[in-house]
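# Descriptive analysis of the structure
Spelled out from the first residue to the last, the chains are:
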Amino acid sequence: MAVFENKEDAASFVQGKVKGLIAEEVLGGQAAHEDDPARFREDLARFEQRFGLPAREKLVTHYSCCCWKGRVPRQGSLYLSTNHVAFYSFLLGKEVKLLVPWAEVTRLERVSVGLLTDVIRVHTRRKQRDFSMFLNVDEVMRVMCQLADIALCRLLDSGGLTLDQTLLESTSITKRVLEEQALRQYVLSLFGLPRAERLQEVMSCSVWTPHARCHTPGTLYTTDGYLCFSSREEGQCTLIIPLAEISTTPYYTFCYDTVQSDEEDSSSVISDKALRHTVHTESTFHPGQSDAPNKTCNTEQVRERLWEDHFTEFGRGVHMFRTDKIRKLVALGIPESLRGELWLNFSDACSSLAAHPSYYTDLLEKCRGETSIATEEIERDLHRSLPEHPAFQNETGISALRRVLTAYAFRNPAIGYCQSMNILASVMLLYTKEEEAFWLLVTVCERMLPDYFNRRVIGAQVDQSVFEELIRERLPELSERVPDLSPLASASLTWFLTLFLSVLPFRSALCVLDCFFYHGIRAVFQIALAVLDANSAELSSCSDDGHALMILTSFLEQVRHEDESEVSPEDAGAALHLSITTLITEAYEKFGGVTVKQVEMLRCRHRVHVLQAHEDTTKDNALRLVTPDVSLSPEDLSELYDLFKTEHLISLYWSEGSSSSSPPLPPAAAGGSDRYVLDRAQFKSVYELLTPWSCGPHTDTVAQRAFTLLDQHRDGLVSFPQLAQMMDVLFCAELSEKIRLLYRLHVPAALSEDAEDLSPLKSPVLSSTRPLYVNLPNGERKSYEEQLQQMLQDLKRGKEKNEKPLPHMNQRQFIQFCKTLYSMFQGEPGEAELFQAIGMVASLVLQIGEAHQSGPSRSEEHWAASFEQILASLLTEQVLVNFLERPVELSARMSAAKPRQYQERAGLLMISS
C-alpha cells in the first residue's frame, strides 16, 4: 500500500481486494458441494461474468448444446440455475444471450424437429426456444423439469403445494440434491410412505423369498421409519417393513452383492421372531349381502380361503410379501370380511393408527363445538355421500361420518374439507371402525393422493394432464382420430377425485378401490386407460364432447361385478366387456408398463403447465376486477400486470440479498386482485421506470410519497389495483385529476409533518410582491386575481358532488409542491418559460394564503391554500397546462422498462448484499 500517493487510492485498492476475497469465498463455498469443484468454479465464474446476476443466484449445472433460431443452430452453453435457464454463445464475433426465468416457463417438452429427435423445447407465453445436441438428453430434461417445478412451487401461489425443507433455501440446491430428491419422491410413491419420510440408504441386494425358495434381486431402501425392498422388475416382489414392528415381524434375509446361503447370518437377519399380526376387522357398518344370490356367498368363501392360503405362504400384515400372486387376488376383488384389514395394511394406515393410540379421541374432544367454513360444508354434504345405502339413512351413520370429516378438517386446516372426501370416508366407514376410517382418510389425502384435496385441486389437475399424455403414448390410434384429448381428460377428473366411486356401480367401484389401496394412483391410470381403450371405436366417431361423455358414462354404469345377477338380454352382447374383473385384468395386461417412476416424472413436468394455467386464470381475474375502474387499454393493463408481477418475483429470487429486513410476504389468497404485492423498495423501482413525471434526483422522494399514499392499510404493501389506478391517472386522466394526485402527494398522509426531504434540490425562490397580470389573446391585460376568480367559478360549476374534499395545504407543504414542479421542468426544452410560469403561480398562491390567514383570530402559522385555489392558479398558465397535458404512451414506457427493470434490480440487490 506504500506505493499509493493518497488515502483514496489506497482505500479503493483495499476495497477491491476485499471484494475479490469475498467473491472467491462465494465461489469456493458453492463449488465445495459439487462432484467436480474445480470445473464447477470455472462454470460459475463464466455464468456470473456473462449474466451479471447476484451471487445468490445459485448455478446448479451447465451443459454444452445448440440453441436454434429458425433453422440456424448456435453452439454454446446452457446454464441451469435456481431461478433461470440461460444460454450463451459467441461465434464469429456475434454474442447471443438468453436469460429466461423459470417463473415464465409455461411448458417443457421433448420434440422431434426434422432429423433431430431429442430436442428440448422451452415454452414461454411469448415464444418458444429449442435446445439440442446434448450428450444425455434424459438427464437434462429431468433437471430442467425439477428446477422449473421447484421454482414455480416456491414463487407462485401453488394452492397448498409444499416443498421439501431442503428445497426451500434455493442456495442449497445442487445437482446431487436434485438426484436425491427425485429418488426420494419415487421411493415415497412406490411404497406409499408418509411425505415426511427421509431416505437414508439405498443399496443393491437380494432377498430370500421363502414362497419361491430363491433369492430375488432388487434394491433395499431405508428411511426414518421403514425398511423397504423392491425387485428389479417393479411389482414382482415388494416388502414394506415399519421399523416399529421389527421385533415382531417374521424374519427376512437380505444378501448384499453375493447370493447368501440358506444358513442365517447375524448381519443379514433383520429379526428372528415371527408373529402373525391380527387386526380387528369388524366394521361399524357392515355393507350386508342379504340381497345377493347364494353363489355370491360361495364365491366369497372361495376368495376367503384363497386369501387365508396366501397369508400362510406370504405372511399377513403390512410386512407381507407383495408379489404378482397377490396382485391377481386383488384383481378378483377382496372378500368383504377382509376388505377393511387389507385396506389398512396395503395403505399402511394401520401403522399411523398404532403410533397414535388416542389421537383421534383427543382430536374429537378439541374440535367439539367448533364451527368453521369446513364444518358448514360438511353439514351440507353429509346426506349426499351414499344416500341410497342404509348405513347413512340414520343418525348413527351420519354422526360417524360427521365426526371423521370434522376431525380431519381440524387436523389439517390447510385442506379442511373438500368435495369427494365425504364419499371416500363413507365407504371407508362401511369396512372399518370409525378411528380406522379416519386414519385411512388421512393416508389417502396426505400420502396416496398428495395435493388432490386442496382449494385448487392441483394434484388432480396435474394427473389429468399426465393422463392426456398417457393417452397419446398408450392409445396412439385414438389420439390420431381425436386430436383434442382435453375433453376426454377432463371427463376423467371425477374418476380420479372419487376413485371411480361416483361413476361405477357400487360393488364394481369397490374392486377399483381394492386396486388403488394396493397399487396406488398407478391403478387408476391403468383402469382409466382401459376404459378409453374399450370405447375407442365409439369415441373415434363422436360428433361432439357431450356425445363422448355419454358413451363413457353409459359404459361405466354397466360395468358389473361377477357375483351380481345376470345382465339384461339387450346387454348380453357386451357382457364380456362389462365385467369389472375383466376390465381390471385388461388394464394390467395392456397398460402394466405405466410405472410409478414414469408417473412421477410426468407429474413433475406437467405441474409446470398446470401452475402456469392457474397463473393465467389469476391474471384474468385480476384484470377483470380492475378494468371497470381504469381507462387503460386491455393491452397496457396486461403489460402492467406482468411488470408488477415480475418486480414481485425478482425480490423473491434473491430475498436474503434484498435491502428489506424482513422476508417477502407469501402471495395473498388465490384469485384475489392482491395476489402479488410490492413493498416500498419494489414500488419505487416500478414507479421510477414508468412515471411520466421524471423529477431527476427528486423522483425518489416523490416515489416514497406515492407509496405512502397508496399504502392505505399501513401494512407496507401496495397491490396491483392501487398501482393500476395511479398509472391510469398519470397517463389517461384529465388535467384536473393529475393535479389532484400531485396535490395529494404533498398533504397528509403522503407527506407527514415531520417528513424530511432528502433530495438535493434547493427550495424554489418564492415571492408575494411580484406584479400579477396576465396578457389575454385579445390584447386585454387582466389581473391574476380576476383571472383566478373566473377559474374558481368555473371549477365550482364543474365540481362533482360526491368528490371527497381535500385538506388545505400549509406553507411548508406548498413549498414542497412547488419544488416537485421545479424538478419536473429541469432539462425541458421550454425550461425557462416553465420556471417563470410556476414562479407566477407560486406568487399568486402565496398571496392567497396570506389573505386566508388575515383576521383577528388567525396567526401567521395558519397560512393555507385549498386544492381548488392551487388548481385554478395553475390553469392560468397555458404553458403549465400544455406541459401537464402532454401525452405520454404507457406502452412505450413499459417496453423500455422491461430490460431495465431486471438488470437494474439485480444490480441494486448485488450492491445491497
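Scoring rules and cut-offs
Residues numbered from 1 in each chain as written. Predicted model: local features only at pLDDT ≥ 70, side-chain atom pairs only at ≥ 80, totals over all residues. Heavy atoms only, no water. Helix = DSSP H or I, 4+ residues; strand = E, 2+ residues; numbered from the N terminus. Buried < 20%, exposed > 50% of the residue type's maximum accessible area, 1.4 Å probe, protein only. Contact = heavy atoms within 4.5 Å. Areas by Shrake-Rupley, 256 points an atom, 1.4 Å probe, with all protein chains shown as cover. Salt bridge = Lys/Arg side-chain N within 4 Å of Asp/Glu carboxyl O. Axes fitted to C-alpha atoms, helices over the stretch in contact; angles between N-to-C directions. Parallel < 35°, antiparallel > 145°, perpendicular 65-115°, else oblique. Nonpolar A, V, L, I, M, F, W, Y, C, P; charged D, E, K, R; others polar. Pairing = 2+ DSSP bridges. Phe/Tyr/Trp six-rings, centres within 6.5 Å; stacked < 30°, edge-to-face > 60°. pLDDT = per-residue confidence, 0-100. Expected span 1.5 Å × (residues − 1). Polar contact = N/O pair within 3.5 Å; in protein donor to acceptor, adjacent residues only side chain to side chain. Disulfide = S-S within 2.5 Å.

## Considering the overall build of the protein chain
- Along the backbone of the protein chain there are 35 helices and 17 strands.
- Taking all 913 residues of the protein chain together, 53% fall into the buried category.
- Partitioning the intrachain contacts of the protein chain with sequence separation of at least 6 by distance along the chain shows that 67% fall at a separation of at least 24.
- When the accessible surface of the protein chain is summed, it comes to about 42700 Å², and 51% of that surface belongs to carbon and sulfur atoms.

## Here's the deal with the pattern of salt bridges
- Summed over the entire model, instances satisfying the criterion amount to 37 salt bridges.
- Taking the shortest distance from any N to any O, the salt bridge between Lys325 and Glu313 comes out at 3.5 Å. Taken together, the positions of Lys325 in helix H7 (residues 324-332) and Glu313 in helix H6 (residues 294-314) put the pair 12 residues apart, joining distant regions of the chain.
- Two residues, Glu446 and Arg411, come together in a salt bridge whose shortest N-O distance is 2.9 Å.

## Some thoughts on the packing of H7 against helix H19 (residues 506-519)
- Look at H7 against H19: their axes get within 8 Å of each other, and the N-to-C directions meet at 155°. Classed by the angle they form, the pair H7 and H19 counts as roughly antiparallel. The segment H7 lies against H19, with Ile326, Arg327 and Val330 engaging Asp514, Cys515, Tyr518 and His519.
- Classifying every residue of the contact of H7 with H19 by side-chain character gives 4 nonpolar, 1 polar and 2 charged.

## Re the sheet that holds strand S4 (residues 94-101)
- What the 7 strands build is an open sheet, ordered S4-S3-S2-S1-S7-S6-S5; its pairing is antiparallel. Two strands in the sheet have a free side with no partner beyond their single neighbour: S4 and strand S5 (105-113). Sheet twist, expressed as the average angle between the axes of neighbouring strands with direction ignored, equals 30°.
- The pairing of strand S6 (residues 116-124) with strand S7 (residues 128-132) spans 4 bridges and is antiparallel. Paired with Ile120 across the two strands is Phe131, which belongs to S7.

## Description of the packing of aromatic side chains
- Scanning all chains against the criterion turns up 32 aromatic pairs.
- Ring geometry for Phe4 and Phe13: centres 5.1 Å apart, planes at 45°, overall tilted.
- A residue is classified by how much of its surface remains accessible, and Phe4, at 29% relative accessible area, is partly exposed.
- Residue classification places Phe13 among the partly exposed positions, given a relative accessible area of 37%.

## Quick notes on the sheet that holds strand S10 (residues 226-231)
- The strand order across the open sheet built from 6 strands is S12-S8-S9-S10-S11-S13, with neighbouring strands paired in antiparallel fashion. Each end of this open sheet is capped by a strand with a single partner; those strands are strand S12 (254-255) and strand S13 (322-323).
- Bridge count for strand S8 (residues 199-209) against S12 is 2 bridges, and the pairing is antiparallel. Note that in S12 the partner of Val207 across the bridge is Phe254.

## Overview of unusual backbone geometry
- Ala749 follows Pro748 through a cis peptide bond whose omega is 10°.
- Looking at the secondary structure, you find Ala749 in the loop between helix H29 (735-744) and strand S16 (773-775).
- A positive phi is found at Met133, a non-glycine position, where the angle reads about 65°.
- Position of Met133 among the secondary structure elements: in the loop between S7 and helix H3 (137-155).
- For Met133, a relative accessible area of 52% corresponds to the exposed category.

## Section: the confidence of the model for the protein chain
- Per-residue pLDDT for the protein chain averages 83, and the proportion of residues at 70 or more is 81%.
- The low-confidence segment residues 258-293 (pLDDT under 50) makes 72 contacts with residues lying over four places distant or belonging to another chain.
- When the criterion is pLDDT under 50, residues 657-673 qualifies, and its contacts beyond four places in sequence or with other chains add up to 34 contacts.

## Some points on helix H31 (residues 811-825)
- In a regular helix each residue adds 1.5 Å, so 15 residues correspond to 21 Å; H31 covers 21 Å between its end C-alpha atoms and thus fits that length.
- Listing the buried residues of H31 in full gives Gln813, Phe814, Gln816, Phe817, Cys818, Lys819, Thr820, Leu821, Tyr822, Ser823, Met824 and Phe825.
- The opening residue of H31 is Asn810, an N-cap whose side-chain oxygen sits 3.2 Å from the backbone nitrogen of Arg812.
- In the segment just after H31, Gly827 is the residue with positive phi, at about 85°.

## Some words on the pairing of S8
- In this sheet, strand S9 (residues 214-223) lies alongside S8 in antiparallel orientation, the contact comprising 10 bridges. When the sheet's bridge partners are listed, Val207 is paired in S9 with Thr216.
- Where S8 hands over to S9, the hairpin turn is made up of 4 residues, of which Arg213 adopts a positive phi near 55°.

## Comments concerning the state of the cysteines
- Throughout the structure, instances matching the rule amount to 0 disulfides.
- Looking at Cys418, it has no disulfide partner, and the nearest cysteine sulfur is the one in Cys445, 7.9 Å off.
- Cys511 supplies the cysteine sulfur nearest to Cys515, a cysteine that is in no disulfide, at a spacing of 7.2 Å.

## Structural notes on helix H8 (residues 336-347)
- If you check H8, its first and last C-alpha atoms are 17 Å apart, about what 12 residues at 1.5 Å a residue would give, namely 16 Å.
- Among all positions in H8, only Glu336, Leu338, Arg339, Gly340, Glu341, Leu342, Trp343, Leu344, Asn345, Phe346 and Ser347 are buried.

## Re the side chain of Asp130
- Within the secondary structure layout, Asp130 lies in strand S7.
- Judged by relative accessible area, Asp130 falls into the buried class, the value being 13%.
- There is a polar contact of 2.7 Å between the side chain of Asp130 and the side chain of Arg121.
- With residues up to four places along the chain from it excluded, the contact list for Asp130 reads Cys66, Cys67, Trp68, Val113, Val119, Ile120 and Arg121.

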